[in-house]
Amino acid sequence: MAAKLNIKDKYRLLTRDLDWEFSYQERKQAFPYEDFEGIKITDWSKWEDPFRLTMDAYWKYQAEKEKKLYAIFDAFAQNNGQMNISDPRYLNAIKIFLTGVTPLEYQAFQGYAHVGRQFGGIGARIACQMQSIDELRHVQTQIHAMSHYNKFFDGFQDWSHMHDRVWYLSVPKSFFEDARSAGPFEFLLAISFSFEYVLTNLLFVPFMSGAAHNGDMATVTFGFSAQSDEARHMTLGLEIIKFLLEQHEDNLPIVQMWIDKWFWRGTRLLSIVAMMMDYMLPNKVMSWKEAWEVYFEEAGGALFKDLARYGIRAPKYSEVIEKEKEHISHQAWWIFYNFGHAAGFHTWIPTDEELDWLSEKYPETFDRYYRPRWELAKKMEAEGKCFYSSGLPQLCQVCQVPMGFTEMQSDPGQISYRNAMFEGERYHMCSDGCHDIFVNEPEKFAQAWLPVHQILQGNCGGADLEKVLSEYYRMNVGADNLDMKGSPDERRWNEWKKGAA
C-alpha cells in the first residue's frame, strides 16, 4: 500500500509535475506576453508560493468558511438585522462599496484568470488561478451580504449597471482597466503588491471595524471571511516583487517605475475610502489620517526598508501623500456634497458633534480650511438654499477624480492643476503623480473614457441631466440621490423606529 502523501509532496506534484516541455511549438509562442514588458526571468523553478496550498486543502477550507458565513447571513436576515444599524446614513457607505468595490473583485477574478495562463512558471500560474477563484467568491459573498439591504433601502438595485456608467465610479473602474490592459507582470505588481499588499489594509481593516461599530454584522462577516484569503493575496504580492528582483538586475528600474505608478493610482482610488471613514460612519473608529499613519507610514515604511536591500526606494511622491492625509477626505466629501444630485447615494452636512470630532482629529487643518465651508453650507440649508453645483467637474485624464484636490506641498487652498500635450491635444491632470503617469504612457491614457466629456458630447442619454441620471445611469431620481435629510430612506427609517418604540 502506497504511503499517503504529505502536503509538501502534494504541492510539489501540483506545481512541478503537472508542467510539461513543448515538443512541436516554441515555448515563447505558448507564453507570448512573458517578455514584452522587458522583464527577464532566468529560472521559474525559484518561484515559491509561501502558502503551498493544494486543491483538496483549498476546497476544504473554503467550504468550511462558506458554511459559517451563510449561517450568519441567514440569522442576520431572520432577525431584521437592518434595524440594528446605527443610522441610515451609514448605508450610503455600503452603497459606494457595492457599486465601487465589489465590481473590482470581479475585475480581479477576470484579471487573475487571464494572467494565470500567461506565465511560463507553473507555480505562478497555480497561485494566480487560486486567487482568481478567491476573487469570484468575494464578489458572491459581498453581493449576498448587501442584497438584504436592497429590500429596505434605495440605491442598491442596479449596482453593476451603475459601475459601468456613473461618473464617479469611473475612478475605481479605470484603475482596474489600466491594470488589466497592462502586461501580466505589471498586473501582478499593480494588484498583488501595490494594492493588495501595500494599500488593501486601508480598505478592509478600518472599514470592517467601522461596520462592526455601526451594527452591520453582515458586512463584518464577509470581511472576516475574506481576510484569510487576503493574507494569501498579500504574500503573493510580496513573493512576486522579490522573485522579479532576484531574477535579474535589469528588472529593478521597471519594478520601481511600476511601484511609483501604482502607489499613486492606489492612493487616488482610496480617497473614496478616506471620506467614507471620516464622514460616512456615524459611529467612527479612527480618522483617515490615523489609518494612513498606522497602515502605510508604519507598516509600509517597514516594508520599503526591507526592500531597500534590493535597491527599491519608497514610492515617488510619498511625501505629498503625507501632507495629503490632512486634506483628502474633506475635499472628497465636499465634491460629493456639491454634486449630490448626480450621485447614486445620499450626502449630508456633518452634525455639530461630527464637526468637533473632525477638529479634534485634524487640529492643524480642519478649522482653518474646512469648518467654514460646512458652517456656510449649514446656513444656506437653513435658509432653504441647499447648494448643488449646476456644472460638471473637470476630470483628471489619468485617475479620473474631479479636479478638486489642492496643492498639498505649497498651498492647500489652491486647486492643483497640471497639463501635457500629446499629438496636438492638451490633456489635464490633477497632480504631479498623474502627470508623470500620463507622460510615460500618453498613447494609453489619451484614450481614457471620461464621463464628463461623454455627457457633454451627448453620448450618455442626451444633454439633459435628468435623462442622463434616469435613462443612462438608471437612478431613481429623488430617491437614490440628493440630501439624506428628507429622503425616502430617512422617512422609512423614522417610521420603523417609531413603530418599534
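All figures in this text were calculated on a predicted structure; none of them were measured in a lab.

Caption draft 1: Up close: the overall build of the protein. The number of helices and strands found in the protein is 23 helices and 4 strands. For 501 residues, the compact-globule formula gives about 23 Å, and the C-alpha radius of gyration of the protein, at 24 Å, lands near that figure. Here the C-alpha coordinates of the protein stretch approximately 80 × 60 × 45 Å along the principal axes. In the protein, which comprises 501 residues, the proportion classed as buried is 57%.

Caption draft 2: Inspection of empty space enclosed by the protein at higher detail. Going through the model one piece at a time under the given rule, you end up with 4 cavities of 30 Å³ or more. Lining the largest cavity are 21 residues, and of these Val-101, Leu-104, Phe-195, Leu-203 and Leu-269 sit closest to its centre. Contributing elements (two or more residues each) for the lining of the largest cavity: helix H4 (91–100), helix H5 (102–118), helix H8 (170–180), helix H9 (184–199), helix H10 (201–213) and helix H13 (271–280). Looking at the lining of the largest cavity residue by residue, the class counts come to 15 nonpolar, 2 polar and 4 charged.

Caption draft 3: Quick peek at the pattern of salt bridges. Tallied over the full model, the rule gives 41 salt bridges. Here Asp-489 and Lys-95 are joined by a salt bridge, their closest N and O atoms 2.9 Å apart. A residue pair is termed long-range when its members are at least 10 positions apart, and Asp-489 in helix H23 (residues 488–500) and Lys-95 in helix H4 qualify at 394 residues. Comparing Asp-489 with Lys-95, the two get one shared label, buried. The closest approach of N and O atoms between Asp-229 and Arg-232, which form a salt bridge, is 2.9 Å. Placement of both Asp-229 and Arg-232 in helix H11 (residues 217–247) is noted, with a separation of 3 residues, approximately one turn of the helix. Across the pair, exposure class does not vary: Asp-229 and Arg-232 are buried alike. Residues participating in the shared-partner salt-bridge network are Lys-65, Glu-66, Asp-134, Arg-137, Asp-229 and Arg-232.

Caption draft 4: Focus on the packing of aromatic side chains. Following the criterion strictly, the structure yields 45 aromatic pairs and no others. Summarising the aromatic geometry, the rings of Tyr-33 and Phe-36 are spaced 6.2 Å apart at their centres and angled 65 degrees between planes, so their arrangement reads as edge-to-face. Against the face of Tyr-472 rests Arg-165, its NZ or CZ located 4.3 Å from the ring centre. Here the basic side chain of Lys-284 rests over the ring of Trp-357, its NZ or CZ set 5.4 Å away from the ring centre.

Rules used throughout
- Residues numbered from 1 in each chain as written.
- Predicted model: local features only at pLDDT ≥ 70, side-chain atom pairs only at ≥ 80, totals over all residues.
- Heavy atoms only, no water.
- Helix = DSSP H or I, 4+ residues; strand = E, 2+ residues; numbered from the N terminus.
- Rg over C-alpha atoms; globule rule 2.2 N^0.38 Å.
- Buried < 20%, exposed > 50% of the residue type's maximum accessible area, 1.4 Å probe, protein only.
- 1 Å grid on protein atoms, 1.4 Å probe; cavity = no way out; pocket = protein on both sides within 12 Å on 5 of 7 lines; lining within 4 Å.
- Points joined across faces, edges and corners; volume = space filled by probe spheres on them.
- Nonpolar A, V, L, I, M, F, W, Y, C, P; charged D, E, K, R; others polar.
- Salt bridge = Lys/Arg side-chain N within 4 Å of Asp/Glu carboxyl O.
- Phe/Tyr/Trp six-rings, centres within 6.5 Å; stacked < 30°, edge-to-face > 60°.
- Lys NZ or Arg CZ within 6 Å of the ring centre and 35° of its normal.

Remember that the coordinates give geometry; whether it matters functionally is a separate question.
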